[in-house]
Amino acid sequence: VTGEAATTDESGRAQFSALTLSGVPGPRDVTFSAAGLQSVTARVTLLSVSTVQVVPSHPQSAVVGTRLDGPVITYTFRDAGGRPVPDADFSLELPSGSTVDAPQVSDQFGVVQLSNWTLSTTAGYQVIVLELPDGREFRDSILALPDAPTSVLVASGDDQTATAGQNLPQPLVARVVDRHGNGVPDVPVQWATCDGAAGPTVPSDAGGYSSVTQPTSQPTDAGCTRASISAEVFADFSYTVTAAPSEEGSPTGVSAAAAPRATVPPVPLRER
């Protein structure tokens with residue numbers, strides 16, 4: 001109870017213009033009393049929320065970390081008779097790292113309006129959950145898109161060894177990420193030797209990954225393949241190629257020191 005005190009006027013009337021009751025919906029007995037006088041009790045009922053109308057006003061998607069100014073979601077609370085329910089309690093569950101401006105209770109029209117939603121820096125669906133005291137939940141979401149690509153990372157396949165003429169045992173997998181570490185899809189990734197012999201261009205997938213199968217030719221302990229999205233943004237994979245087993249009485253193969261190339265060209269690299 002708030003606004004619970006009032007002073008009588010010249011007619012002996014105490015008018016409670018700011019009296020507010022909050023809490024779990026249902027009947028309440030409100031007692032009015034003054035020192036030395038007989039008290040009086042009145043029965044009031046806090047309306048329960050029967051329906052909740054949810055009206056989002058935000059876009060379906062936005063880049064991670066974006067602040068969506070102004071109203072983003074409007075909830076309207078109504079009782080079983082369709083009347084607005086003011087001063088209704090609720091709680092909000094936000095995605096980790098995101099913020100939103102919200103009132104503490106519904107207004108006189110039964111409305112709760114959320115505004116100025118700042119998305120977290122994690123890509124994917126971000127969900128706001130409004131929960132009523134009786135456990136009912138109302139969800140609304142937005143798809144948070146990755147930011148612009150800033151880095152290429154070695155995801156897997158580095159430091160492998162294979163016999164000359166064989167593919168490396170595992171594919172080379174690079175990942176394109178934004179400044180927050182989210183994988184960025186549909187980015188052309190150029191695969192090549194570290195000294196510039198071009199291989200295929202393999203766009204990153206939904207998780208930001210691009211991969212190839214690396215064949216080998218001559219023995220070397222300095223094989224190197226590069227995945228790049230620009231001249232300045234790339235990741236290098238190193239590998240070792242050993243000599244193939246020789247037939248009895250024949251030479252054991254070209255040594256790494258005598259190999260004509262320091263790196264094994266990735267052409268023809270094969271997309272995964």
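Since the structure is predicted, the reported quantities are computational estimates derived from the model, not experimental observations.

### Things to note about the nonpolar core
Tyr75, Phe77, Leu114, Trp117 and Leu132 are the most contacted members of the largest nonpolar core, which has 23 residues in total. Among the secondary structure elements, those contributing two or more residues to this core are strand E5 (67–78), strand E8 (111–118), strand E9 (124–131) and strand E10 (137–145). Formed by 19 residues, the second largest nonpolar core is a distinct cluster that contains Leu168, Val184, Trp191 and Val212.

### Thoughts on the pattern of salt bridges
By the definition in use, this model includes eight salt bridges. Between arginine 136 and aspartate 134 there is a salt bridge whose closest N-O contact spans 2.9 Å. Classification of arginine 136 by relative accessible area gives partly exposed; the value is 28%. Residue classification places aspartate 134 among the exposed residues on the basis of a relative accessible area of 52%.

### A word on unusual backbone geometry
With a phi close to 55°, aspartate 87 is a non-glycine residue in the positive phi region. Of note, aspartate 87 is situated in the loop between E5 and strand E6 (91–93). For aspartate 159, which is not a glycine, the phi torsion comes out positive at approximately 60°. When you line up the elements, aspartate 159 lands in the loop between strand E11 (149–156) and strand E12 (160–163).

### Quick notes on the confidence of the model for the chain
Confidence in the prediction for the chain averages 89 pLDDT; 89% of positions are at 70 or higher. Note on residues 247–264: pLDDT under 50 across the span, and 34 contacts to partners over four residues away in sequence or across chains.

### Comments concerning the state of the cysteines
A full pass over the atoms with the stated rule returns one disulfide. There is a disulfide in this structure between cysteine 194 and cysteine 224, and the S-S distance comes to 1.8 Å. The disulfide joining cysteine 194 to cysteine 224 has a torsion of about -60° about its S-S bond and is therefore left-handed. Here cysteine 194 is found in the loop between strand E14 (190–193) and strand E15 (198–201), whereas its partner cysteine 224 is found in strand E17 (residues 220–228), with 30 residues between them in sequence.

### Observations regarding the sheet that holds strand E7 (residues 99–101)
Note: strands within a sheet are paired through backbone hydrogen bonds, in either parallel or antiparallel orientation. A sheet is described by the order of its strands in space; here four strands give the open sequence E3-E5-E8-E7, paired in antiparallel fashion. What marks the edges here is a single partner per strand, and that holds for strand E3 (51–56) and E7. Within the sheet, the average angular offset between the axes of one strand and its neighbour, ignoring direction, is 25°. Relative to E5, E3 runs antiparallel, the two being bridged by six bridges. Each bridged residue has a counterpart across the sheet, and for valine 55 the counterpart in E5 is threonine 74.

### So, the sheet that holds E15
Within the open sheet, the five strands sit side by side as E12-E18-E17-E14-E15. Their pairing is mixed. Lying at the two open borders of the sheet, with one neighbouring strand each, are E12 and E15. Ignoring which end each strand starts from, the neighbouring axes of this sheet average 25° apart. Here E14 pairs with E17 via four bridges, running antiparallel. Within E17, the position partnered with tryptophan 191 by the bridge is alanine 227.

### A short note on the pairing of E15
As paired elements, E14 and E15 share two bridges and run antiparallel to each other. Its bridge partner lying in E15, alanine 192 is registered against alanine 198. Here E14 folds back onto E15, and the loop between the two strands holds four residues, one of which, glycine 196, carries a positive phi near 110°.

### Some remarks on the layout of surface pockets
The volume enclosed by the largest pocket comes to roughly 320 Å³. Contributing to the lining of the largest pocket are 16 residues, with Ala14, Phe16, Phe32, Ser33 and Ala34 lying nearest its centre. Sorting elements by how many residues they give to the lining of the largest pocket places strand E1 (residues 26–32) first, with three residues. Considered class by class, the residues forming the lining of the largest pocket number ten nonpolar, five polar and one charged.

Conventions and cut-offs
Residues numbered from 1 in each chain as written. Predicted model: local features only at pLDDT ≥ 70, side-chain atom pairs only at ≥ 80, totals over all residues. Heavy atoms only, no water. Core = buried A, V, L, I, M, F, W, Y, C linked by side-chain atoms within 4.5 Å. Buried < 20%, exposed > 50% of the residue type's maximum accessible area, 1.4 Å probe, protein only. Helix = DSSP H or I, 4+ residues; strand = E, 2+ residues; numbered from the N terminus. Salt bridge = Lys/Arg side-chain N within 4 Å of Asp/Glu carboxyl O. pLDDT = per-residue confidence, 0-100. Contact = heavy atoms within 4.5 Å. Disulfide = S-S within 2.5 Å. Pairing = 2+ DSSP bridges. Axes fitted to C-alpha atoms, helices over the stretch in contact; angles between N-to-C directions. 1 Å grid on protein atoms, 1.4 Å probe; cavity = no way out; pocket = protein on both sides within 12 Å on 5 of 7 lines; lining within 4 Å. Points joined across faces, edges and corners; volume = space filled by probe spheres on them. Nonpolar A, V, L, I, M, F, W, Y, C, P; charged D, E, K, R; others polar.

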